[in-house]
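# Secondary and tertiary structure notes
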Amino acid sequence: MQANEADLNKTEVVVVGGGPVGAAVALGLADAGRDVCVIDKRRPQKRPGKFGMDSRATALSPASQVLLAELEVWQRLKPTPYGTMRVWEERGTAELCFDAEDLGRTELGWIQESGPLSDAIWTRLFEHPNVQLIRAETPSAVAPGQQEVLIHLGERRLSARLLIAADGGKSTLRQQLGVKTDVWDTDQVAVTSVVRTSKAHANTAWQRFLLDGPVALLPCAEAHNAALVWSQSPAAAARRMELDDAAFRTELTQATEARLGEVEAADRRLRFPLVQSVTATFNPHHRILLIGDAARVVHPLAGLGLNLGFEDVAGLLRGAQGALDPGAPGLWRIYARRRRLRALSMVRFLSALQKFYGLRQPAPAWLRNFGVRLVNHSAPIKRQLVTEALGFGPVAQGMR
Ligand SMILES: Cc1cc2nc3c(=O)[nH]c(=O)nc-3n(C[C@H](O)[C@H](O)[C@H](O)COP(=O)(O)OP(=O)(O)OC[C@H]3O[C@@H](n4cnc5c(N)ncnc54)[C@H](O)[C@@H]3O)c2cc1C
């Protein structure tokens, strides 16, 4: 690719994909004084549903909260805090209960509507003097060189010191760069919705492991509204997507053992085939990084995907601090290794958890209940588990 200086748009960093992860990293780099260009095929859209809420919501960890506060985005959000998490299962009576108070905190995390989150980050991007927003599909060609990456966007050409791929789990840029990705099919599909229940959610995140997959009800701003994430076999999901509203609500009430009472109303249902994936490298060239879902996708059963993406962002912003050249050879080698290791360990952990709760035979089910009871009564183990889940444990911190 030949660069003609006259029509070349030079910038320090180009981010492809303005989802929450790409938009957050662009904002952080721009706040640090770098010129950033964000390419996305569309502006983020709010998807308001039946209850005046966005039809998708995400659990955010305290570590993500710290990042979003630093980016002056948190102050624009109205997330719902949750102080307790209850996890129980279909076969057995053992239950895990995590309480923020045990850690001296007031909350374990927050449930945030997805549309307003992206909207808040983008509002800051629109206002930012260091940010250029380009509405376009993936670059038609990318040529990484020693000093810069050349990016073709149809007739337009950009050059950047660093190119960041944040264009989601099906990343076209990743494919274009020829970066191999390991994909594990979970054999599950998530059916999501927002529902209204007869009992209040008590700012608790509820998750029941059914043999077919976990069903979670996550607390929303209104005390009787909850965001549903119901992972299940593809056949069960196909059937439940077709159920009429009343039948769906009845099945959901049964699946959650009516812990929140009757499911009285439900918004439209969305379905997400679930895979887990990790790319062969997060840093295929010294001037290219992959982050967010473009680098790894995890099962939503622990509400971690976006939080891991925000960990990528926090680590990247720290790594870029003070670097004269944000794509200098060797700058990202250790960061990329750590992030990939973290991704692989999370994928393995979540696969194991999915299998662990899917064991149907009486003996493994008995052992599982025994183990879960043991963990539930061990304050130090629980504290360690929760600290990691909040993003403040030694593993989460050490792998940024
Ligand atoms: C059912 C479900 C529930 C979940 N719940 C949680 C949770 O509770 N907590 C949590 O932390 N995570 C959760 N996740 C995971 C979370 O949604 C993702 O990890 C997160 O959205 C990834 O953000 P991202 O910015 O990397 O990618 P995306 O959100 O996929 O954004 C990618 C961006 O790239 C743009 N793009 C894509 N292709 C192109 C192209 N060719 N050209 C230009 N632009 C392009 C898109 O328009 C989009 O803006 C859940 C996932 C699912 C499926």
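The subject of this paragraph is the overall build of the protein chain. Per the secondary structure count, the protein chain includes eleven helices and 19 strands. Relative to the 2.2 N^0.38 estimate, which gives 21 Å for 400 residues, the radius of gyration of the protein chain is 22 Å and therefore close to what a compact globule would have. Across its three principal axes, the protein chain shows a C-alpha extent of roughly 70 × 40 × 40 Å. The buried share of the protein chain, taken over its 400 residues, is 44%. Taking as baseline every contact in the protein chain between residues at least 6 positions apart, the subset at least 24 positions apart corresponds to 74%.

Another aspect to go through is unusual backbone geometry. For N203, which is not glycine, the phi torsion reads 45° and is therefore positive. If you trace the backbone, N203 turns up in the loop between β12 (181-197) and β13 (204-210). We classify N203 as partly exposed; it has 16 C-beta atoms within 10 Å. You will see that E257, though not glycine, has its phi angle at about 50°, which is positive. With respect to the helices and strands, the residue E257 is situated in the loop between α6 (245-255) and β16 (263-266). Note on E257: 11 C-beta atoms within 10 Å, which makes it exposed.

Attention now goes to the site of the ligand. The environment of the ligand is made up of 32 residues, and the closest members are G17, G19, G168, G292 and G305. Among the elements of the structure, α1 (20-31), β2 (36-40), β3 (57-60), β12 and α7 (305-320) are those that each provide at least two residues to the shell around the ligand. It is α7 that provides the largest number of residues to the shell around the ligand, a total of four residues. For the shell around the ligand, the residue count by class is twelve nonpolar, 14 polar and six charged. Counting the residues that make up the shell around the ligand, at least three belong to each of domain 1 (5-81 + 107-183 + 275-398) and domain 2 (186-273).

Next up on the list: the pairing of strand β5 (residues 84-89). In β5, alternate side chains face the same way, and those of M85, V87 and E89 are buried while those of T84, R86 and W88 on the opposite face are not. Where β5 lies against strand β6 (residues 95-99), five bridges are found, and the strand directions are antiparallel. For M85, the partnering residue across the bridge sits in β6 and is F98. A loop of five residues connects β5 with β6, the two strands running antiparallel in sequence, and G92 in this loop sits at a positive phi of about 125°.

Let's shift gears to the environment of E262. Position of E262 among the secondary structure elements: in the loop between α6 and β16. For E262, a count of 14 C-beta atoms within 10 Å puts it in the partly exposed group. Sequence-distant contacts of E262, defined by excluding residues within four places in its chain, comprise T197, S198 and T253.

Quick look at the nonpolar core now. V25 and I291 are the most contacted members of the largest nonpolar core, which has 101 residues in total. Built from parts of two domains, this core gets at least three residues from each of domain 1 (5-81 + 107-183 + 275-398) and domain 2 (186-273). Discounting chain neighbours no more than four positions away, the residues touching V25 are V15, I164, A166, I291, V313 and L316.

On to the domain arrangement of the protein chain. Here the domain parsing of the protein chain yields domain 1 (5-81 + 107-183 + 275-398) and domain 2 (186-273). Each of domain 1 and domain 2 was reduced to a C-alpha centroid, and the two centroids are 26 Å apart. Contacts between the two partners involve 21 residues from domain 1 and, on the opposite side, 22 residues from domain 2. Looking at which element gives the most residues to the side of domain 1 that touches domain 2, the answer is helix α8 (residues 333-358), with three residues. Here the side of domain 1 that touches domain 2 is built from residues that sort into ten nonpolar, seven polar and four charged.

Before going further, it helps to examine the sheet that holds strand β4 (residues 80-82). Pairing is antiparallel across the open sheet formed by three strands, whose spatial order is β3-β7-β4. Pairing within the sheet leaves two strands with one partner each, and these edge strands are β3 and β4. Direction aside, the axes of adjacent strands within the sheet are offset by 25° on average. In terms of strand pairing, β4 meets strand β7 (residues 109-113) through three bridges, oriented antiparallel. In the sheet register, Y82 faces β7, and the bridge partner there is G109. Each of β3 and β7 touches helix α3 (residues 114-127); the most contacted strand, β7, lies at about 85° to it.

The rules behind the values
- Residues numbered from 1 in each chain as written.
- Predicted model: local features only at pLDDT ≥ 70, side-chain atom pairs only at ≥ 80, totals over all residues.
- Helix = DSSP H or I, 4+ residues; strand = E, 2+ residues; numbered from the N terminus.
- Rg over C-alpha atoms; globule rule 2.2 N^0.38 Å.
- Buried ≥ 20, exposed ≤ 12 C-beta atoms within 10 Å, placed from the backbone.
- Contact = placed C-beta atoms within 7 Å.
- Near = placed C-beta within 6 Å.
- Nonpolar A, V, L, I, M, F, W, Y, C, P; charged D, E, K, R; others polar.
- Domains from an automatic or database assignment.
- Pairing = 2+ DSSP bridges.
- Core = buried A, V, L, I, M, F, W, Y, C linked by C-beta atoms within 7 Å.
- Axes fitted to C-alpha atoms, helices over the stretch in contact; angles between N-to-C directions.

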